[in-house]
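A closer look at the structure
The primary structure of each chain is shown beneath.
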Amino acid sequence: MTGQTFESAIWRKSSPRLSVLIPFFRDDASDLISELEHQLDQDSVEILIHDDGTRDQPLTAKIESLIAKSPLAIRLFSATENQGRSAARNALQLAARSDWVLFLDADMRPAQTDFLRNYLDLISQGQADIIFGGFHVEAQKADKDRDLHRALSDVSDCLSLAERQAAGAQFVASSNLCVSKQVLETEPFDDGFSGWGWEDSEWAARVSKRFTLIHIDNPAIHLGLETTETLLRRFATSGQNYKRFVTLHPDLAPQLALYRISSKLGRVPGQKLMRPALKALVKAAAIPMKIRLNALKLWRASHYAEALR
């Protein structure tokens, strides 16, 4: 990849045990970096940040100023073009100098003051190759247009430790994921995915067949909830990524409810004609949230059904 790098004064002198990897596109990672500074000592962790082609000079300058003042080992890579989430993660892990990496999205925040220490302790025990800590969403705020995403995350992503342990790789996400570099060198993220969705689910399904995955209760808080319109757009445009996931994991996909619903809808003549009504239900803030969520899931299944044909 082509681009520029900027690093803190001690970056080249440090010998980290854990590399915290933060890919972002148009997000501001400054608050996350500041939060991590309160949890780190200079010798145990480095922070590597990958700006995947944002090309926002004021934002770059802000992050560089923060790095220049930091006592920690931090390096920023600014790509000239957007290459996608998988490529950004792969580039970060190749640049990491420690044997373990922790992927965090720029809009995440540690939920506990011992967040990094928990990962370092588990790494030293050598009991797993992949560790997923789970995540929560931020408390309800005044922006009602993000309530739908909050409700969707509550029922689909913010699962208890017991629920995640029972599901294995199914609910692993790269937003709070600690991994041995040996795993990533053997099984990198598939950069055949483009745009939003499914690249981390595909990776988790693949690596869990060869390496030891454990779930722990060490959550990060997701602050970057999306608007209703953004959710609709992402679900409508991620069909080809879902098709790639299904193609790569034909044994796993039929076990999931989304595949079964999408397959049934695909057999209904003219099923996409229901999308305007579904979209109206999703956007109707006055109706019960359960109805809006069901409409959103059908909206996604309708688009995925078309992609699977």
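As shown above, the structure is provided for reference.
Concerning the overall build of the chain
When helices and strands are tallied, the chain shows 13 helices and 11 strands. Radius of gyration (C-alpha) of the chain: 20 Å, near the 19 Å computed for a compact globule of 309 residues. Principal axes of the C-alpha set define a box for the chain whose edges measure 65 × 40 × 35 Å. The buried share of the chain, reckoned over its 309 residues, is 51%. Long-range contacts, defined as pairs at least 24 residues apart, comprise 85% of the intrachain contacts of the chain with a sequence gap of at least 6. Seen as two clouds, the 38 positive and the 39 negative side-chain charges of the chain have centres 7 Å apart.

Concerning the environment of Ala162
Within the secondary structure, Ala162 sits in helix 6 (residues 161–167). Relative accessible area serves as the criterion here: at 52%, Ala162 is assigned to the exposed category.

A word on the pairing of strand 4 (residues 73–79)
Within strand 4, 6 of the 7 residues are buried, which leaves it mostly tucked inside the rest of the structure. The pairing of strand 1 (residues 3–7) with strand 4 spans 5 bridges and is classified as antiparallel. Looking at the pairing, Glu7 lines up with Arg75 of strand 4. With 6 bridges connecting them, strand 3 (residues 45–51) and strand 4 associate as parallel partners. In the sheet register, Glu46 faces strand 4, and the bridge partner there is Ala73. With respect to chirality, the unit in which strand 3 leads through helix 2 (residues 57–69) into the neighbouring parallel strand 4 is right-handed.

Section: the nonpolar core
Of all hydrophobic cores here, the largest spans 59 residues; its most connected members are Leu18, Val20, Ile22, Ile49, Leu102, Leu104 and Trp203. In terms of residue count, helix 4 (residues 115–125) provides more of this core than any other element does, 6 residues in total. When neighbours within four sequence positions are excluded, Val20 is seen to be in contact with Leu36, Val45, Glu46, Ile47, Leu48, Leu102, Leu104 and Leu116.

Details of helix 13 (residues 289–308)
The end-to-end C-alpha distance of helix 13, which contains 20 residues, comes to 28 Å, matching closely the 28 Å that a straight helix rising 1.5 Å per residue would cover. Buried residues of helix 13: Arg292, Leu293, Ala295, Leu296, Trp299, Arg300, Ala301, Ser302, His303, Tyr304, Ala305 and Ala307, and no others. Those residues of helix 13 that are buried are in contact with helix 5 (147–156), helix 9 (228–237), helix 10 (239–248), helix 11 (257–266) and helix 12 (275–283).

About the cut-offs
- Residues numbered from 1 in each chain as written.
- Predicted model: local features only at pLDDT ≥ 70, side-chain atom pairs only at ≥ 80, totals over all residues.
- Heavy atoms only, no water.
- Helix = DSSP H or I, 4+ residues; strand = E, 2+ residues; numbered from the N terminus.
- Rg over C-alpha atoms; globule rule 2.2 N^0.38 Å.
- Buried < 20%, exposed > 50% of the residue type's maximum accessible area, 1.4 Å probe, protein only.
- Contact = heavy atoms within 4.5 Å.
- Lys, Arg positive; Asp, Glu negative; His and termini not counted.
- Charge placed at Lys NZ, Arg CZ, Asp CG, Glu CD.
- Pairing = 2+ DSSP bridges.
- Right-handed = clockwise from strand over helix to strand, strands pointing away.
- Core = buried A, V, L, I, M, F, W, Y, C linked by side-chain atoms within 4.5 Å.
- Expected span 1.5 Å × (residues − 1).

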